[in-house]
Amino acid sequence: MLFMESHHQQINMCKISEVTLKDLSRINELENQLNLNKTKLNFFNQTLSNENFKFIKLVLEKQIIGFLQFSLNKSDCDIISIGVIQKFQKMGHGKLLVEHLKSLNLRNIFVEVSTNNINAIMFYYSLNFLKIGLRKNYYKKQKSDAILLKLENVN
């Protein structure tokens with residue numbers, strides 16, 4: 001019970017804000033730890049001026065512990081990349097990032113995940129995402145398919 005209480009306090013202490021240029025090296029470290037594609041500086045700079053692209057961070061006690069990159073239009077959103085430091089995974093931090101998306105009055109949230117990434121698939125299913133398609137041989141390096149997932153009627 002004590003663990004659960006401290007866990008909920010920790011979630012409540014997290015802050016979500018936009019990623020800034022000075023955060024990028026820490027985000028890149030996190031992406032490396034999680035074996036995700038690194039966000040390149042010129043791509044990041046391009047997205048800063050694009051109002052349809054957002055990059056947010058999850059901060060706990062002045063440390064970036066997670067991030068979420070997404071693109072959006074009037075009613076829909078595509079998750080591009082999401083990550084939480086391993087020691088904070090499976091504690092609700094990733095859900096907190098997705099809940100932020102849900103608060104943006106969207107109709108749908110989409111994401112594609114490698115069929116090899118069972119943890120990510122289970123994460124999205126736990127948040128009520130539904131499988132809507134499959135892209136064969138989408139991830140060439142991993143030699144895997146991509147599952148297309150959608151969370152409907154978010155608002």
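Not measured: the values here are computed from a predicted model.

### Let's talk about the nonpolar core
Phase 1 of the analysis: Judged by nonpolar contacts, the single largest core of 38 residues is most densely connected at F55, I79, I109, Y124 and F129.
Phase 2 of the analysis: Listing elements by their share of this core, those giving two or more residues are α2 (24-33), β2 (53-60), β3 (63-72), β4 (76-84), α4 (93-102), β5 (108-114), α5 (118-126) and β7 (144-152).
Phase 3 of the analysis: Apart from residues lying up to four places away in sequence, F55 is in contact with S17, E18, V19, L24, I27, T39, F44, F67, L68 and Q69.

### Here's the deal with the pattern of salt bridges
Phase 1 of the analysis: Applying the stated criterion across every chain, the model contains 7 salt bridges.
Phase 2 of the analysis: Its salt-bridge partner being R107, residue D76 comes within 3.9 Å of it at the nearest N-O pair. Taken together, the residues span a long stretch of sequence, with D76 in strand β4 and R107 in the loop between α4 and β5 at a distance of 31 residues.
Phase 3 of the analysis: Judged by its relative accessible area of 15%, D76 is buried.

### Regarding a nonpolar patch on the surface
Phase 1 of the analysis: A cluster of nonpolar side chains, I118, M122 and Y125, forms an exposed patch at the surface whose accessible area comes to about 300 Å².
Phase 2 of the analysis: With respect to the element layout, I118 can be found in helix α5.

### Some thoughts on the sheet that holds β5
Phase 1 of the analysis: Strand order in the open sheet made by the 7 strands is β1-β2-β3-β4-β5-β7-β6, with mixed pairing throughout. On the outer flanks of this sheet lie β1 (15-18) and β6 (130-139), each paired with one strand and no other. When strand polarity is set aside, the average angle formed by the axes of neighbouring strands in this sheet is 30°.
Phase 2 of the analysis: Here 6 bridges tie β6 to β7, and the two strands are oriented antiparallel to one another. The residue bridging G133 from the neighbouring strand is L148, located in β7.

### A closer look at the confidence of the model for the protein
Phase 1 of the analysis: Per-chain confidence: the protein averages 88 in pLDDT, with 92% of residues scoring 70 or above.
Phase 2 of the analysis: Confidence over residues 1-5 falls short of pLDDT 50; this stretch has 1 contact with residues more than four positions distant or in other chains.

### Some points on the packing of aromatic side chains
Phase 1 of the analysis: Applying the stated rule across the entire model yields 6 aromatic pairs.
Phase 2 of the analysis: Here the aromatic rings of F123 and Y124 are separated by 5.0 Å at their centres, their planes lie at 65°, and the arrangement is edge-to-face.
Phase 3 of the analysis: On the basis of relative accessible area, Y124 is assigned to the buried category, the value being 3%.
Phase 4 of the analysis: A connected cluster of aromatic rings, assembled from ring pairs, spans F44, F55 and F67.

### A short note on the side chain of T39
Phase 1 of the analysis: Relative to the elements of secondary structure, T39 occurs in the loop between α2 and α3 (41-48).
Phase 2 of the analysis: For T39, the side chain forms a polar contact with the side chain of E31, separated by 2.6 Å.
Phase 3 of the analysis: Reaching out from T39, the side chain makes a polar contact with the side chain of Q69 at a distance of 2.6 Å.
Phase 4 of the analysis: Discounting residues that sit within four places of it in the chain, T39 has contacts with L24, N28, E31, F44, F55 and Q69.

### Concerning the environment of Q33
Phase 1 of the analysis: Mapped onto the elements of the fold, Q33 is located in helix α2.
Phase 2 of the analysis: Sequence spacing of Q33 and N153 is 120 residues, and the spatial spacing of their C-alpha atoms is 33 Å.

Reading guide: rules and limits
- Residues numbered from 1 in each chain as written.
- Predicted model: local features only at pLDDT ≥ 70, side-chain atom pairs only at ≥ 80, totals over all residues.
- Heavy atoms only, no water.
- Core = buried A, V, L, I, M, F, W, Y, C linked by side-chain atoms within 4.5 Å.
- Buried < 20%, exposed > 50% of the residue type's maximum accessible area, 1.4 Å probe, protein only.
- Helix = DSSP H or I, 4+ residues; strand = E, 2+ residues; numbered from the N terminus.
- Contact = heavy atoms within 4.5 Å.
- Salt bridge = Lys/Arg side-chain N within 4 Å of Asp/Glu carboxyl O.
- Patch = residues over 30% accessible without salt bridge, like charges linked within 9 Å, V, L, I, M, F, W, Y side chains within 5 Å.
- Areas by Shrake-Rupley, 256 points an atom, 1.4 Å probe, with all protein chains shown as cover.
- Pairing = 2+ DSSP bridges.
- Axes fitted to C-alpha atoms, helices over the stretch in contact; angles between N-to-C directions.
- pLDDT = per-residue confidence, 0-100.
- Phe/Tyr/Trp six-rings, centres within 6.5 Å; stacked < 30°, edge-to-face > 60°.
- Polar contact = N/O pair within 3.5 Å; in protein donor to acceptor, adjacent residues only side chain to side chain.

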